[in-house]
Amino acid sequence: MNCAEASAGLGAWSDGELAAGAAMALREHVAGCTACRAELEALAALRRDIRAEAPRHAAPASLHARVRAEMARHGDGTAATAAPAAPPRPAPARRRWFLAGAMAGALLAVGVGALTELVLSQRASDDVTIEAVDSHVRATLGQRLIEVASSDRHTVKPWLSARLPYAAPVPDPVDPAFVLAGARVDSLDRRPVAALVYRYGNHSVDVFVRPLADAGAAPALANVRGFTVARALGAGMEWRAVADVDAGVLAGFVARLAAGAAAPLPVAR
Amino acid sequence: MTDIARFESLVLPHLDAAYNLARWLTRDPHDAEDVVQEACVRALRYLAGLRDGEARPWFLTIVRHATYDWLGRQGPRGDDEGLAEVAGDAAAEPPQCAERRGDSRALAAAIAALALPYREVIVLRELEELSYREIATIADIPIGTVMSRLARARALLRRSPALHAIAAQRAGGES
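What you are looking at is a predicted structure, and each value in this text was computed from that prediction instead of being measured.

(A) Inspection of the overall build of chain A at higher detail. For chain A, the helix and strand inventory stands at 8 helices and 7 strands. Counting only residues that meet the buried cut, chain A has 37% of its 269 residues in that class. By sequence separation, contacts in chain A at least 24 residues apart represent 60% of the contacts at least 6 residues apart.

Listed below in structure tokens is the structure:
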């Protein structure tokens, strides 16, 4: 594990939220790495400061009184207005507000995808980039990086197709430096997604491939906590590569991958 | 058990958590009271949907929805207003907070200045000490997103000029 991979997991680890296997790998790395230990201490210091300095506001007496009044009102009215089969969560009210937002959004001629997260849509696209990095980190930390190990795309493609609601293309090799190692089914934006895994030197490269219809706007190139995220479109798919690899190299690779899938090389018969 | 008795024994103990969340999200003590009152009305109405043992995340989900509805009615606010707003808030806080004003205001201001998606995960994690799973339920996002938003929120807080000022002050005081 290198520092970029480790530092992505430090927050979850310090929150006690990292799975045992990943935590063990991280502990090993941190034991020998001063930079990551310093980062861990900085996270702990921030937590101490927040808990010591940011006030946890207690409900004032006036609020207690108002709530008591509501309880009394409810007690009086229950028998008369008992609502049959009330929905378990007050989601509809929230949806209505999001719907209002959707109207405004539609004016901008944006293809409105997930209505619920509309208000956050600008950030949500960034979140997917970050989520892709998190998935990559979780996969490299744990044992789940590759579920089907094969450098043969004719093995990988049907394996993926059997597990996904869409047919993820697995292009012919486009760059001898990037060797197909296998694939796994991961999730992005709460949907299952194909993750092709390539080896580049001793780095693991994840390429998340999902239908354009599922994909929103996102930067072509981003750097999240030291990981490069490069994105290209082709063959009706969004191709998002994540790796601790130079931005230019990764962007070139993912662009060729997307283009290669869109216009497959003629197969010699 | 009647609705009222259930509400009183399961939901009411979390009124502080509810107010704290609403207070940080609305950044206003009066608005927070309005929001929590509305959340209580909804909680009473939907009490049948509450399963035992889940009262806190259940109620906080309702509080969050009520807050977002309220913020929607008010129209979107610029998130950079936060610094000024919290500085102006100082008078409304209990006196025992005032003696630690130096650090408290800078850090509180830095949190208040975070964009809503980051602010809510920080408040739920660091002040309410909820698990990633509970936060995921309340904020209606996958656990991976909880993790990435927390990481981002913490990075933003550590980078905030207010905290750098504190660190510099401490370093100066120690030497």
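More follows now that the structure is in view.
(B) Structural detail: the overall build of chain B. Counting secondary structure elements, chain B contains 11 helices and 0 strands. In chain B, the succession of helices and strands from N to C terminus is α-α-α-α-α-α-α-α-α-α-α. Here chain B, with 175 residues, has 45% of them falling under the buried criterion. Across chain B, the fraction of contacts at a sequence separation of at least 24, relative to all contacts at a separation of at least 6, is 70%.

(C) Up close: the confidence of the model for chain A. Looking at chain A as a whole, the pLDDT averages 77, with 78% of positions reaching at least 70. Across residues 79–125 of chain A, confidence stays below pLDDT 50; counting only partners more than four residues off in sequence or on other chains, it has 48 contacts.

(D) Molecular detail of the nonpolar core. In terms of nonpolar packing, the biggest core is built from 110 residues, with Leu 196, Val 207, Ala 241 and Val 254 of chain A together with Ala 18, Val 36 and Val 63 of chain B touching the most fellow members. When near neighbours in sequence (up to four residues on either side) are disregarded, Leu 196 of chain A contacts Val 170, Leu 180, Ala 183, Val 207 and Val 209 of chain A.

(E) Focus on the pairing of strand β2 (residues 178–188) of chain A. Residue and element names in this part refer to chain A. Where strand β1 (residues 148–149) and β2 come together, 2 bridges link them in antiparallel fashion. Bridge assignment links Val 148 to a residue of β2, and that residue is Ala 183. By the bridge criterion, 10 bridges tie β2 to strand β3 (residues 191–200) in an arrangement that is antiparallel. Bridging across to β3, Leu 188 finds its partner in Arg 191. The hairpin formed by β2 and β3 contains 2 residues between the paired strands, and Asp 189 there has a positive phi angle of roughly 55°.

(F) Focus on the interface of chain B and chain A. Facing 50 residues of chain B, the contacting portion of chain A comprises 47 residues. Those elements giving two or more residues to the side of chain B that touches chain A turn out to be α1 (3–11), α2 (15–26), α3 (29–45), α4 (55–74), α7 (101–112), α8 (116–127) and α10 (143–159) of chain B. Looking at the side of chain B that touches chain A, the element that brings in the most residues is α10 of chain B, giving 10 residues. For the side of chain B that touches chain A, the per-class residue count stands at 24 nonpolar, 10 polar and 16 charged.

(G) Inspection of the packing of α2 of chain B against α3 of chain B at higher detail. Residue and element names in this part refer to chain B. In the contact formed by α2 and α3, the axes pass within 8 Å of each other and the chain directions differ by 130°. On the basis of their axis angle, the class for α2 and α3 is oblique. Note on packing geometry: the crossing formed by α2 with α3 is right-handed. Note on element contacts: α3 touches α2 through Pro 29, Asp 31, Ala 32, Val 35, Val 36 and Ala 39, opposite Ala 18, Tyr 19, Ala 22, Arg 23 and Thr 26.

(H) Fine view of the pairing of strand β7 (residues 237–243) of chain A. Residue and element names in this part refer to chain A. Along β7, 7 of the 7 residues are buried, which leaves the element largely enclosed by surrounding structure. Taking every second residue as pointing to the same face, both faces of β7 are buried, with Met 237, Trp 239, Ala 241 and Ala 243 on one and Glu 238, Arg 240 and Val 242 on the other. One ladder, built from 6 bridges, connects strand β4 (residues 203–211) with β7; its direction is antiparallel. Counted as the bridge partner of Val 209 is Trp 239 from β7. Counted along the chain from strand β6 (residues 227–234) to the antiparallel partner β7, the turn is 2 residues long, and its residue Ala 235 has a positive phi close to 60°.

(I) Representation of unusual backbone geometry in the model. In this structure, Ala 235 of chain A takes a positive phi of about 60° despite not being glycine. The residue Ala 235 of chain A is located in the loop between β6 and β7 in this model. Under the C-beta neighbour-count criterion, Ala 235 of chain A is labelled partly exposed, with 19 such atoms within 10 Å. We note that Arg 27 of chain B has phi near 60°; this positive angle belongs to a residue other than glycine. Relative to the helices and strands, Arg 27 of chain B is located in the loop between α2 and α3.

(J) Highlighting α1 of chain B. Residue and element names in this part refer to chain B. Of all the residues in α1, the buried ones are Phe 7, Leu 10 and Val 11. Buried residues of α1 fall within an arc of 90° about the axis and therefore sit on the same side. Relative to its buried face, α1 has exposed residues pointing more than 90 degrees away, namely Ala 5 and Ser 9.

(K) Structural context of the environment of Glu 147 of chain A. On the secondary structure map, Glu 147 of chain A appears in the loop between α6 (121–141) and β1. Glu 147 of chain A has contacts with Ala 183, Arg 184 and Val 185 of chain A, leaving out every residue within four places of it along the chain.

(L) Here's a closer look at the sheet that holds β3 of chain A. Residues and elements named next belong to chain A. Ordered by their spatial adjacency, 7 strands build an open sheet running β1-β2-β3-β4-β7-β6-β5, and the pairing between neighbours is antiparallel. The sheet is open, and its two borders are formed by β1 and β5 (221–224), each paired with just one other strand. Looking at chain direction, β6 and β7 are connected through 7 bridges and run antiparallel. The residue of β7 that forms the bridge with Val 229 is Val 242. Running at roughly 25° to β6, helix α8 (residues 247–262) makes contact with β2, β4, β5, β6 and β7 of the sheet.

(M) Seen up close, the packing of helix α3 (residues 34–53) of chain A against α10 of chain B. Put simply, α3 of chain A and α10 of chain B touch, their axes get as near as 11 Å, and they point 80° apart. The angle between the axes of α3 of chain A and α10 of chain B places the two elements in the roughly perpendicular class. Listed contacts from α10 of chain B to Ala 42, Leu 43 and Leu 46 of chain A of α3 of chain A are Arg 154, Leu 157 and Arg 158 of chain B.

(N) The arrangement of the environment of Ser 187 of chain A in detail. All names here are of chain A. Take Ser 187: it is sitting in strand β2. Each C-alpha atom, one on Ser 187 and one on Ser 135, is 7.8 Å from the other, the two residues being 52 residues apart in sequence. Each residue touching Ser 187, except ones within four places of it in the same chain, is listed here: Pro 192 and Val 193.

Calculation criteria
- Residues numbered from 1 in each chain as written.
- Chains lettered and ligands numbered in written order.
- Predicted model: local features only at pLDDT ≥ 70, side-chain atom pairs only at ≥ 80, totals over all residues.
- Helix = DSSP H or I, 4+ residues; strand = E, 2+ residues; numbered from the N terminus.
- Buried ≥ 20, exposed ≤ 12 C-beta atoms within 10 Å, placed from the backbone.
- Contact = placed C-beta atoms within 7 Å.
- pLDDT = per-residue confidence, 0-100.
- Core = buried A, V, L, I, M, F, W, Y, C linked by C-beta atoms within 7 Å.
- Pairing = 2+ DSSP bridges.
- Nonpolar A, V, L, I, M, F, W, Y, C, P; charged D, E, K, R; others polar.
- Axes fitted to C-alpha atoms, helices over the stretch in contact; angles between N-to-C directions.
- Parallel < 35°, antiparallel > 145°, perpendicular 65-115°, else oblique.
- Left-handed = near helix turned anticlockwise from the far one by under 90°.
- Arc of directions from axis to C-beta.

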